[in-house]
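One-letter residues, chain by chain:
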Amino acid sequence: MKAFTHFDAAFDAGREPFGEDDDPRMFGRWAQMRLTKGMGGGHDYDERVLRVTRLAADGDVPWTAEDVRFLWVVANVLMTQRHTNYPELYRIPLAATRRLGYTDRRRILGDTLPWFHRYYRPVWEALHEQVKELLTESLEHGPAGVVRNLIWDCDDVARTLAEEYGARLADPAVLPLLHHWNTARSAKPSDRWLKTARTLVTPEAVGLVREILALVAAHREKTIDHVAANGYEWRENVFLHERTAVPVRGMVWTCELIDEPWVASLLGDVALTCGTGIGGSGANCRSERLANAAVNVLARRGGLDTVAALAKVQVKVRKKTVLANVARTLDAVAAQAGLSREQLLDRTVPTFGIGPDGVREERIGDCLVRLHADGPALRFVNAAGRAIKSAPQAIRRDPALAELKSTLKDLKQALPAERFRLERALVEERIWRWHQVTEFFLDHPVTGLYARNLIWQILQGPAGIPVRTDAGWELTDPRGRRIQPYPDTPVLLWHPIRETAEEVRAWRDHLLERGVRQPYKQAFREVYLLTPAEERTRTYSNRFAGHVLRYGQAKALLNQRGWTDLSIGHWDYESGGQSDAVKELSGWRAFWSMRITGDPEADGWGTASFCAGERIRFHRDGQDATDDYGYAYHEGVPLAEVPPLVLSEALRDADLAVGVTSVGLDQQAAHGHEEYWNSYGFGELTETAKTRRDALARLLPRLRIAGRAELTDRFLRVRGDRRTYKIHLGSGNILMEPNDAYLCIVPGHDRDAASVFLPFEENGGMLSVILSKAFLLADDTSITDPSITRQLGA
């Protein structure tokens, strides 16, 4: 290195290499480098070299963490090249490390001792006492130092445990258990480990387990920026460091010994947080070991109280190993009860104390607090009987209110789990007896919120919306005909693929007339029948081939819909940047091939920003679809042999992914994808967009802007006072007449559009976006946003 030339010249000339004007840090680095004896290594050093080494080690040098990291790297490289004078080789690194704080020491030396112990035992024997002393805080650092000595401070949770829980964790009654938690390094606890934990658990420790695991369940990853000495920059997402995860796993294992009502729910929260990917989605885990540890403890505890906790994990987590673990656990609990897994879930949905009217009331002080399942929300009535927006000051610290807030949180997690379960039952054509439907669904205060707005069908018979009468639940069809099934009558959820177009239209009109909002698209569900093109391709569908998607967003959405295994990046040379998303459905597996499209330089040669959909094929469960290297080679089953509902639902997922993540939805065309942006943004409608058009055809006559709007084959045409606009029903993109000039409007919240009744829950989907733009443009003289008005006047 050029910085060392001055020192080399002086040393080789027999002069003192370090002068008053020299940088002592650079001199120390040079002294460490001077210890090299070449690739062959050696043991003995010239006395002049040793004197320089000691001068650098004993000097008052303002070492930085980067300096110390450099010194250890050099020493370790020389050690691996058979330099065996370990006391001299590591003299400067050890001395320099003492100048740093304990946090930096741990970051630099984190894996050093285990590495020495495993691969270089003579080095470990020579240095382990000194390195251990460097990493151990003295007693003057108090309880926080005691905790840091055990679990270090490598992430926010560890720092919180030391700084906020240090006094309680370092208490002599708890500290032995903390040491024991720090030994939880295997996949599962041994009987001996649990026996020791049982002798150490105290009431104070139980309280700490509850608080700390709640802290972990609420914790989220943190992005940390790194800059290396050579200027290389990178980012790292840190959830929990290995040294934190080990004692946390010990706390999770300890829950097996705690008989408290909060244990199952808290373990479910830990499994949910740790089992989901960065940002709360994706097929990877924040911490697979902790997610599986929590599920394993729930499995060993058994009992019906574990089911609700496992059910919410099943909804959100997409990691195969964790899901398989959840499935095994549910099957085991179900077998104990003599039920199937789905029957078990039916019977164990918590009511949260909510009554048949969907409300739970608690009097706290002078205030009446109501927990509403529909919302869900807490609502307050003061002593005068007047509804108020928030809790009165007098009850805000009341434990009863805290318990209700905790229940509300659990309810918010349970509702999407029930919606997911009901939609899965629709897709899987699950069959019940009518008395089971009324008991576990229609009469349930939580599940019933959704089940009562769905269409139920007698097997190979009539269908209807449930209506409660004095004689019990009946089914009513769009023509007003009612039927009360016998208790043992087999029923399933109605699916439009089994019905005529006339019957589907009747149900859609009926829902709008009755104001029935379904929890998911049932009557308005898109149906995908085999096309002539697919009959020609025979074993695969190209219906969604060529669509350019935002890869990360598409992968997350497909993961949520139960697709797994998709992983492509510019680093994957062997597969050529291709991968399959896979979904298991009713004894079949659907494969949707994807390939990278985009600039590898722009992506930093890492994960792809964009991908292009390719063919979709189907295989029966158990049929091998890949070769020995994991690549697809078998042709799919002929599409005509795939059950129509399986085919339709798989293609519907693909259409949904395109409709949400296509670059054709962007306000401006992405570079390199201009042609696709134009074709998708204003082209032919997919089945999802056609269903959107059908819903709009029914909604428009009811809207305030009905006189200014009309539907064409692909557009909602809106007449303003300044221009006439065409909103594409697929992308939501806008053209202005008469010259089809593009109008860029960023979707926003429109009060009129938000008040429009939609016959299915959409949560800000494209139909809401189109309605919002339509209301805005119908009153275009009221638009004041200069970014829009400039375009209108162009």
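Here the structure is shown first, and the text comes after it.
Residues numbered from 1 in each chain as written. Predicted model: local features only at pLDDT ≥ 70, side-chain atom pairs only at ≥ 80, totals over all residues. Heavy atoms only, no water.

Enquirer: Summarise the overall build of the protein; cite the residues concerned and give the values.
Expert: Helix and strand content of the protein: 33 helices and 21 strands. Projected onto its principal axes, the C-alpha coordinates of the protein cover approximately 105 × 65 × 60 Å. Taken over 794 residues, the protein has a buried fraction of 52%. Element-wise, carbon and sulfur atoms account for 49% of the exposed surface of the protein, whose accessible area totals about 37,200 Å². (Helix = DSSP H or I, 4+ residues; strand = E, 2+ residues; numbered from the N terminus. Buried < 20%, exposed > 50% of the residue type's maximum accessible area, 1.4 Å probe, protein only. Areas by Shrake-Rupley, 256 points an atom, 1.4 Å probe, with all protein chains shown as cover.)

Enquirer: Got a sec to walk through the sheet that holds strand β5 (residues 377-381)? Specific residues and values, please.
Expert: Strand order in the open sheet formed by 4 strands is β3-β4-β5-β6, and the pairing between neighbours is antiparallel. Edge positions in the open sheet fall to β3 (359-364) and β6 (387-388), since each of these has one partner strand only. Pairing geometry for strand β4 (residues 367-372) and β5, over 5 bridges, is antiparallel. Bridge assignment links His-372 to a residue of β5, and that residue is Ala-377. Where helix α22 (residues 399-427) meets the sheet, it contacts β3, β4 and β5, and its direction lies at approximately 160° from that of β3. (Pairing = 2+ DSSP bridges. Contact = heavy atoms within 4.5 Å. Axes fitted to C-alpha atoms, helices over the stretch in contact; angles between N-to-C directions.)

Enquirer: Kindly report on the packing of aromatic side chains, identifying the contributing residues and their values.
Expert: By the definition in use, this model includes 19 aromatic pairs. Between Tyr-676 and Tyr-680 the ring centres are 5.9 Å apart and the planes differ by 20°, which places this aromatic pair in the stacked class. Here Tyr-676 pairs with Tyr-680, and both are found in helix α29 (residues 674-682), just 4 residues apart, close to one helical turn. The class of Tyr-676 is buried, set by a relative accessible area of 12%. What makes Tyr-680 buried here is its relative accessible area of 9%. Pairwise contacts between aromatic rings join Phe-7, Phe-11, Phe-18, Phe-27 and Trp-30 into one cluster. Over the ring of Trp-152 we find Arg-243, and its NZ or CZ is 3.7 Å from the ring centre. (Phe/Tyr/Trp six-rings, centres within 6.5 Å; stacked < 30°, edge-to-face > 60°. Lys NZ or Arg CZ within 6 Å of the ring centre and 35° of its normal.)

Enquirer: Any chance you could break down the nonpolar core for me, citing the residues and the numbers?
Expert: Counting residues in hydrophobic clusters, the biggest one holds 85 residues, and the most contacted among them are Trp-592, Phe-618, Leu-716, Leu-743 and Leu-777. The element that contributes the greatest number of residues to this core is helix α32 (residues 766-778), accounting for 9 residues. Excluding anything up to four places from it in sequence, Leu-743 contacts Tyr-725, Ile-734, Met-736, Leu-777, Ile-788, Gln-791 and Leu-792. The next biggest cluster of nonpolar side chains, apart from the first, holds 66 residues, and it includes Val-252, Leu-266, Val-297 and Ala-311. (Core = buried A, V, L, I, M, F, W, Y, C linked by side-chain atoms within 4.5 Å.)

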